Structures are given as structure tokens and as C-alpha cells.
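Structural features, examined
Residue strings, one per chain:
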Amino acid sequence: MTDAVRVAAHAKLNLLLRILAREAPAGYHQIETAFALLELTDELVVTRTATGVALTVHGPDLGAPEQNLAVRAARAVLEATGHKFGVALELTKRIPVRSGLGGGSSDAAAALHAVNALADNAVPRHELLHFATRLGADVAFFASGAPAALAWGRGERLFRLPAPPAAPALVALALPPIAVATPDAYGWWDEMHPEPAPRGPLLLDADAFTGWGSVGRLGGNDFELPVFGKHPPLRALYERLAGTHPYWVRLCGSGSAVAAVGEKHQRLIKTTTRAAAAPGPEPA
């Protein structure tokens, strides 16, 4: 056994995102989406300790460690393996928070795999996916190891897809920065749809994900209308990127980042889409 592992926690794009229904009385939403990984990453180093879970963050303040998804993920694996040791999590944040790029969820999936690697992979893969689903809908995609996937339900039911070809991608952030909490975005959508009508069928063909021209014709993101209504600068940012005629441009998840595949300017994070599955933990 090694005493420390390092994992890259990749960001994601939602290639399309449809809100299909609102569950009553819980208020959760049924969605249909397609995920794809980006090369943009956080980095997580996990070191074996005697007991407990400690978190050090290099980057923005993420709030109380008890609420951090990576900490909760680490505790889930430690509990499942009998608390035979503890871990220290060292997280380097590069993915902007509350941007719709999935950084927190990806960190959680990385922690699941890293702590399990320190436990000699004592937790079976299917159990790790159960842990991921309980932590959050996007966590299951990151924990799956797929470079791209169709997802439905609350986002936890997944069908693995071959990734679209690697392509230049730009992630733009509004200035001054805007943070959008996903529950707020769903609330704004609910305000616009007090009694949501049943959604019509959409035929998704695997061939539609083989090229970015086809991906660009798949459909939109149902968060765009409510989020742009609350934050006009995001609409303006979207329109500026769309005016550069990329293959694909969308609000990232529930926002606030906007991504384009096939270029141009603003406060930008230059990255590429990923053509292969994310690697697992490796010795640090």
C-alpha cells in the first residue's frame, strides 16, 4: 500500500440539459443531459493519517470543511472500510466555484477513488457509485470514469458514450464575477414553470456525439432562460461568444460560466475537451 495518492479532478460541460419534470412533494427535478470532461482540473492529494479527515485548500474559501463534498466522500469510504486510518486532503482549486463546471462534484469523486485506493480498493466499484449518487447527482458521472455520458433521472443514471474529438474550448467568466447556486437556478426555472407541461420526445442518436457540429445541433440548456433573466451580463457574455461562431456555445450547467468550443475573448480559461477517460489515483 502507498501512503499518498494524487488525483486530477476534471471539470465538465453539459452538452445539452433539459429539465423534464419536477417531483412532488420533494421538489427534485428530473433532467436529461449529456456530460463531457474538460482538461481543466483541480488537483487532490490524499495522504494516510492516523485518524479523522483534514482538509487544506489552495484557492478560494470553500466554507466549512464539514460541508465540503470531498470531505464527505472521504468519510463515506473510511466508514465503509471500518475507520482503519484517517486522511489529509490537500485540494488545489483551479475550477471556478459555482460556475456550473462541476468542480465540487469532481473533487468528491476524486476523494472517493483516492481514499479507496489507500484502502487497497476495499470498496467495490458499484458501491462507490452508490456513495457518489448520495453525495450529489453530478458526482456519479465523475466517479464513473467515463469521458462522456448521457444522464437522466436526477442525473445519476448514466449511459457511457465515446467522447467527442478533442477540441479547443474556452470557458468565460463574467466580470465582475457572478456566482449561481444550483438550487437558486432551479427555483428561477420553477417560477417560470409553476405547472410544467410534459416535455416532448427527443431522439438522441449516438452518432450525434461523434462531431462538434452535430453536438451543436442537439439542443440547448433549460437553465439559460431563467439564469440570463436574473443576470443580464451572462446573456451578454453568451452573445459575445456566440458572435465568434464557435461550433458549440452554452451556459455551463446552471452557470455562471459560459463555454464555447472553437474560441474567443473575455476573462477566459483556455482548456480542451477530453477524448479519454480520466485517470485514477496514482502514487503522490
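Residue positions are given per chain, counting from 1 as you read along its sequence in written order. Totals for whole chains, interfaces and linings use every residue, but because this is a predicted model, local features are given only for residues with pLDDT of at least 70 and side-chain atom pairs only at 80 or more, for both listing and counting. For the side-chain quantities, the full set of heavy atoms in the structure was used; hydrogens and water were omitted.

**Examining the overall build of the protein**
When you go through the protein residue by residue, the secondary structure sums to eight helices and 11 strands. Taking the principal axes of the C-alpha coordinates as reference, the protein spans close to 55 × 45 × 40 Å. Only protein chains enter the accessibility calculation, which uses a 1.4 Å probe; a residue is then buried when its area is under 20% of its type maximum, exposed when over 50%, and partly exposed in between. Per-residue burial for the protein yields a buried fraction of 48% across its 284 residues. Any two residues whose heavy atoms approach within 4.5 Å are treated as being in contact. Across the protein, the fraction of contacts at a sequence separation of at least 24, relative to all contacts at a separation of at least 6, is 74%. Neither His nor the chain ends is counted toward charge; the positive residues are Lys and Arg and the negative residues Asp and Glu. Taken as the charge location is NZ of Lys, CZ of Arg, CG of Asp or CD of Glu. Positive and negative side-chain charges in the protein, numbering 26 and 26 respectively, have mean positions lying 2 Å apart. Secondary structure elements are defined from DSSP: runs of H or I of at least 4 residues count as helices, runs of E of at least 2 residues count as strands, and each element is numbered from the N terminus.

**Some points on the packing of aromatic side chains**
Pairing of aromatic rings covers Phe, Tyr and Trp, the last counted by its six-membered ring, and requires centre-to-centre distances within 6.5 Å; plane angles under 30 degrees mean stacked, over 60 mean edge-to-face, and any other angle means tilted. A full pass over the atoms with the stated rule returns five aromatic pairs. Their ring planes at 55° and their centres at 5.4 Å tell us that F141 and F142 sit as a pair that is tilted. Comparing F141 with F142 shows no difference in burial state: the two are buried. Summarising the aromatic geometry, the rings of Y186 and F223 are spaced 4.9 Å apart at their centres and angled 75° between planes, so their arrangement reads as edge-to-face. Here the residue Y186 occupies a position in helix α5 (residues 182-192), and F223 occupies one in the loop between α6 (212-216) and α7 (224-230), the gap between them amounting to 37 residues. For Y186, a relative accessible area of 18% gives the class buried. For F223, a relative accessible area of 2% corresponds to the buried category.

**Quick look at the packing of helix α1 (residues 69-80) against helix α3 (residues 125-135)**
For helices, the fitted line uses only the C-alpha atoms of the stretch in contact; every axis is such a line through C-alpha atoms, and the angle between N-to-C directions lies from 0 to 180 degrees. Where α1 contacts α3, the axes come no closer than 11 Å and their chain directions differ by 145°. For α1 against α3, the interelement crossing comes out right-handed. Listed contacts from α3 to L69, R72, A73, A76, V77 and A80 of α1 are L128, F131, R134 and L135. Put simply, Ala, Val, Leu, Ile, Met, Phe, Trp, Tyr, Cys and Pro go in the nonpolar bin, Asp, Glu, Lys and Arg in the charged bin, and everything else, Gly too, in the polar bin. Taken together, the residues that form the contact of α1 with α3 break down as eight nonpolar, no polar and two charged. The crossing is said to be left-handed when, going from far helix to near helix, the turn is anticlockwise and less than a right angle, and right-handed when the turn is clockwise.

**Some points on the environment of T51**
Within the fold, T51 resides in the loop between β2 (29-49) and β3 (53-58). For the pair T51 and V87, spaced 36 residues apart in the sequence, the C-alpha separation amounts to 6.9 Å. Residues within four places of T51 in sequence aside, it is in contact with F85 and G86.

**Here's the deal with the nonpolar core**
For soluble globular proteins, the rule of thumb is that nonpolar side chains tend to be buried together. Counting residues in each nonpolar core, the largest one holds 40 residues, and the members touching the most others are V46, V87, L89 and L112. Elements that contribute at least two residues to this core include exactly β1 (4-22), β2, α1, β4 (86-92), α2 (103-118), α3, α4 (137-144) and β5 (148-153). For L112, the contacting residues outside a window of four places in its chain are A73, V77, L128, F131, A132, L135 and V139. Judged by nonpolar contacts, the second largest core, of 28 residues, contains A11, A34, W212 and V215. Side-chain atoms within 4.5 Å are what join buried Ala, Val, Leu, Ile, Met, Phe, Trp, Tyr and Cys residues into a set we call a nonpolar core.

**Examining the side chain of E32**
With respect to the element layout, E32 can be found in strand β2. The class for E32 is buried, based on a relative accessible area of 16%. Those residues in contact with E32, other than ones at most four positions away along the chain, are L16, L17, R18, L20, A151, W152, L202 and L204.

**Quick notes on α4**
In an α-helix, one full turn covers 3.6 residues, which means residues spaced three or four apart are oriented alike. Most of α4 sits out of view: six of its eight residues are buried. For α4, the full list of buried residues reads V139, A140, F141, F142, A143 and S144. For α4, the elements touching its buried residues are β1, β2, α2, α3, β5 and β6 (157-161). G145, located one to two residues past α4, shows a positive phi value of around 85°.

**So, the side chain of H29**
With respect to the element layout, H29 can be found in strand β2. Overall, the relative accessible area of 7% leaves H29 in the buried class. Within the local environment of H29, its side chain forms a polar contact with the side chain of D190, the two groups lying 2.8 Å apart. Among all residues touching H29, those that are not within four sequence positions of it are I19, A21, R22, G153, R154, Y186, W189 and D190. Throughout this description, a polar contact denotes any pair of N or O atoms lying within 3.5 Å of each other; where both atoms belong to protein, one of them has to be capable of donating a hydrogen while the other can accept it, and for residues adjacent in sequence the pair is counted only when both atoms sit in side chains.

**Looking at the packing of α1 against α2**
Relative orientation and spacing of two packed helices are given, respectively, by the angle between their axes and the distance between those axes. Running from amino to carboxyl end, α1 crosses α2 at an angle of 25°, the nearest separation of the two axes being 7 Å. The pairing of α1 with α2 is recorded here as roughly parallel in orientation. Regarding α1 and α2, the two cross each other, and that crossing is right-handed. On α2, the residues touching L69, A70, A73, A74, V77 and L78 of α1 are G104, S105, D107, A108, A111, L112, V115 and N116. Angles below 35 degrees are treated as roughly parallel, those above 145 as roughly antiparallel, those between 65 and 115 as roughly perpendicular, and all remaining angles as oblique.

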